[in-house]
Amino acid sequence: MAGTASLALLVTACGGSGGGASAAPKEFSYLSVTENTTVKSALTTLAAGACKTANDALPLKVETVPQASLDQKLQLLAGQNALPVQFAAGNAPALTQQLAKSGKVADLEAKLKELGVYDQLQPAAVSTIKALYGGKLEVLPYEYNIEGIFYNKKIFTDNGLKVPGTWDELVAAAAKLKAKGIQPFSASGQQGWPLTRLISGYLYRSLGPDALQKVADGKAKLTDPQYVKAAEEVAALGKKGYFGKGVGSIDYDTAMNQFLTGKAAMLYMGSWALANISDAEQDKVGADNVGFMPFPAVAGGKGSVGQYPSNVGLGITLGAKSFDKKTGDWVGCIARNYGGTALKDHGSISGFKVNTEVKDANAVTTQVRDTISTSKQNVLWFEALFSTKATTVSQTNAASLVSGSMSPKQFMQTVQDALAGQ
């Protein structure tokens, strides 16, 4: 997969202004990722309902690609001056920032203010986006997520387990479950990031909320002993078999299914998983049997369990050259209606305000929404401040870390080398 430098060459080759004037769009084209069905479904609902007028003028058309292929697809389209009206931003903020610098991404803050809907964004979501994108609103928050550990209440109760408050307690609970033939964790090694999120979770609890900012600022390195320690702790989970067999070949959907069918006791995931948990066809353990806990404390650590990793999922942005009045009508309607539609139909929390009364689908959704509203400090995730290249290196090697084919020191060195070369 080409890195950020390759993208820079592409966008420079086709002109910093995004290729000059172009014909008005004939469709509200939207490039999404195959793995995320919620946004596509919610937009389709809006197209037939609240946003029907906008859709009649500019019909919604959705195209999907696997998330692993998204960056390459965006780079190709950018080089051809063929970006769609709306598209899932790159897997790392650096990619979208490059597109924005080349004039290919609309100035969303200015556009939303012109449309009179900027106040429809949740301030916490805006804050998270700006922390990721150099102080600018470069994507829309179709999701607003906090991350933590979902757990199977029945499995915990049946095995006499309490919700772990510390990392040591979490590891002890995993050992007890494994001894009873129960897979402690479900995770996707194929995607990689569900594993690297555990590394950043440990780092934030042990070193504090600025742990990865220090790496980005060059004040620390991933190869420093206290950083390698986090990789060692996560690698140990894999060595002890707590992720089950063949984690490297497990994809996102399979990992989710393992948890929702009761084959694994815990799943580290973002609150976007509430859409799956709220779907009775997928959730065979029952939403009432799912609980949510923060990433546990590390003994003697500088972080707090009240500091939740937060993100806006795979942010969605809009092309600059195709943002005309018809596009604006769509965006204004989305800003006013998406939050309620996503919550009502999918149990999905977005960064848009909910303007209609919606009853939460289940208790765990209420728990997560309450946690979001009371959370006073948020942190990012492992690759949040990485380049596209370093993000890819990190996520593609995560399975090797937990399978034991790459040592913790080797893993951190490999990612640090990719950072140094960005």
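Given the structure is predicted, the values throughout are model-derived calculations rather than measurements.

(A) Focus on the state of the cysteines. Under the criterion given, the structure shown has one disulfide. Across the disulfide, cysteine 51 is cross-linked to cysteine 333 (sulfur-sulfur distance 2.0 Å). An S-S torsion of about -100° defines the bridge between cysteine 51 and cysteine 333 as left-handed. Of this pair, cysteine 51 sits in the loop between α2 (38–48) and α3 (52–57) while cysteine 333 sits in helix α15 (residues 325–346), placing them 282 residues apart in sequence.

(B) Focus on the packing of helix α17 (residues 388–403) against helix α18 (residues 408–420). Relative to each other, α17 and α18 sit at 170°, their axes nearing to 8 Å. Taken together, the axes of α17 and α18 are roughly antiparallel relative to one another. Residues Lys389, Ala390, Val393, Ser394, Asn397, Ala398 and Leu401 of α17 form the contact with α18, whose participating residues are Pro408, Phe411, Thr414, Val415, Ala418 and Leu419. The residue makeup of the contact of α17 with α18, split by class, is nine nonpolar, three polar and one charged.

(C) Layout of the pattern of salt bridges. For the structure shown, the criterion picks out 11 salt bridges. Among the ionic pairs, aspartate 56 bridges to lysine 52, the shortest N-O distance being 3.0 Å. Of this pair, aspartate 56 and lysine 52 both sit in helix α3, four residues apart, which is roughly one turn of the helix. Here arginine 369 ties to aspartate 360 by a salt bridge, and the two come within 2.7 Å at their closest N and O atoms. By relative accessible area, arginine 369 is classed as partly exposed at 29%. Residue aspartate 360 is classed as buried on the basis of its relative accessible area of 18%. The network of salt bridges with shared partners includes Glu109, Lys113 and Lys130.

(D) Seen up close, the nonpolar core. Judged by nonpolar contacts, the single largest core of 136 residues is most densely connected at Phe150, Leu222, Met266 and Tyr338. No other element matches α15, which puts eight residues into this core. If sequence neighbours within four positions are ignored, leucine 222 has contacts with Leu212, Val215, Tyr227, Val228, Phe382, Phe386, Met412, Val415, Gln416 and Leu419.

(E) Region of the structure containing the side chain of glutamate 233. Its location among the elements puts glutamate 233 in helix α12 (residues 225–239). Other than its neighbours up to four places away in sequence, glutamate 233 contacts Trp167 and Tyr202.

(F) Region of the structure containing the packing of α2 against α15. Packing of α2 against α15 leaves a shortest axis separation of 9 Å and a crossing angle of 115°. Seen along the crossing, α2 lies across α15 with a hand that is right-handed. Judged by residue contacts, Thr38, Val39, Ser41, Ala42, Leu43, Thr45, Leu46 and Ala47 of α2 engage Trp330, Ile334, Asn337, Tyr338, Thr341, Asp345 and His346 from α15. Looking at the contact of α2 with α15 residue by residue, the classes come out as eight nonpolar, six polar and one charged.

(G) Focus on the pairing of strand β8 (residues 307–311). Of all five residues that make up β8, five are buried, and the element is covered over most of its length. As paired strands, strand β4 (residues 145–152) and β8 are joined by two bridges and run antiparallel to one another. Note that in β8 the partner of isoleucine 146 across the bridge is serine 310. As paired strands, β8 and strand β10 (residues 377–379) are joined by three bridges and run parallel to one another. Within β10, the position partnered with tyrosine 308 by the bridge is asparagine 378.

(H) Geometry of the sheet that holds strand β1 (residues 28–33). Taken in spatial order, the four strands make up an open sheet running β2-β1-β3-β9, and their pairing is mixed. A single partner strand is all that each edge strand has here, and the edge strands are β2 (60–65) and β9 (316–318). Between one strand and the next, the sheet's axes are offset by a mean angle of 20°, whatever the strand orientation. Summarising the sheet, β1 and strand β3 (residues 86–88) pair through two bridges and their orientation is parallel. Counterpart to leucine 31 in the pairing with β3 is phenylalanine 87. Together, β1, β2 and β3 form the strand contacts of α2, whose direction differs from that of β2 by roughly 170°.

(I) Main features of helix α4 (residues 67–79). Taking 1.5 Å per residue, 13 residues should reach 18 Å; α4 reaches 19 Å between its end C-alpha atoms and fits that length. Burial in α4 covers these residues: Leu70, Asp71, Leu74, Gln75, Leu77 and Ala78. Directly after α4, the chain includes asparagine 81, whose backbone phi takes a positive value near 55°.

(J) Representation of the packing of aromatic side chains in the model. Scanning all chains against the criterion turns up 14 aromatic pairs. With 6.0 Å between their ring centres and 40° between their planes, tryptophan 193 and tyrosine 252 make a pair best called tilted. Remark: tyrosine 252 occurs in helix α13 (residues 252–260) and tryptophan 193 occurs in helix α10 (residues 193–207); sequence separation between them is 59 residues. Each member of the pair tryptophan 193 and tyrosine 252 is classed as buried. Each ring, one from tryptophan 193 and one from tryptophan 272, has its centre 5.8 Å from the other, and the planes form 65°; the classification is edge-to-face. Here the residue tryptophan 193 occupies a position in helix α10, and tryptophan 272 occupies one in the loop between β6 (264–270) and α14 (274–277), the gap between them amounting to 79 residues. Grouping residues by exposure puts tryptophan 193 and tryptophan 272 together as buried. An aromatic cluster is present here, built from Trp167, Tyr202, Tyr268 and Phe295 joined pairwise through their rings.

Definitions and cut-offs
Residues numbered from 1 in each chain as written. Predicted model: local features only at pLDDT ≥ 70, side-chain atom pairs only at ≥ 80, totals over all residues. Heavy atoms only, no water. Disulfide = S-S within 2.5 Å. Helix = DSSP H or I, 4+ residues; strand = E, 2+ residues; numbered from the N terminus. Axes fitted to C-alpha atoms, helices over the stretch in contact; angles between N-to-C directions. Parallel < 35°, antiparallel > 145°, perpendicular 65-115°, else oblique. Contact = heavy atoms within 4.5 Å. Nonpolar A, V, L, I, M, F, W, Y, C, P; charged D, E, K, R; others polar. Salt bridge = Lys/Arg side-chain N within 4 Å of Asp/Glu carboxyl O. Buried < 20%, exposed > 50% of the residue type's maximum accessible area, 1.4 Å probe, protein only. Core = buried A, V, L, I, M, F, W, Y, C linked by side-chain atoms within 4.5 Å. Left-handed = near helix turned anticlockwise from the far one by under 90°. Pairing = 2+ DSSP bridges. Expected span 1.5 Å × (residues − 1). Phe/Tyr/Trp six-rings, centres within 6.5 Å; stacked < 30°, edge-to-face > 60°.

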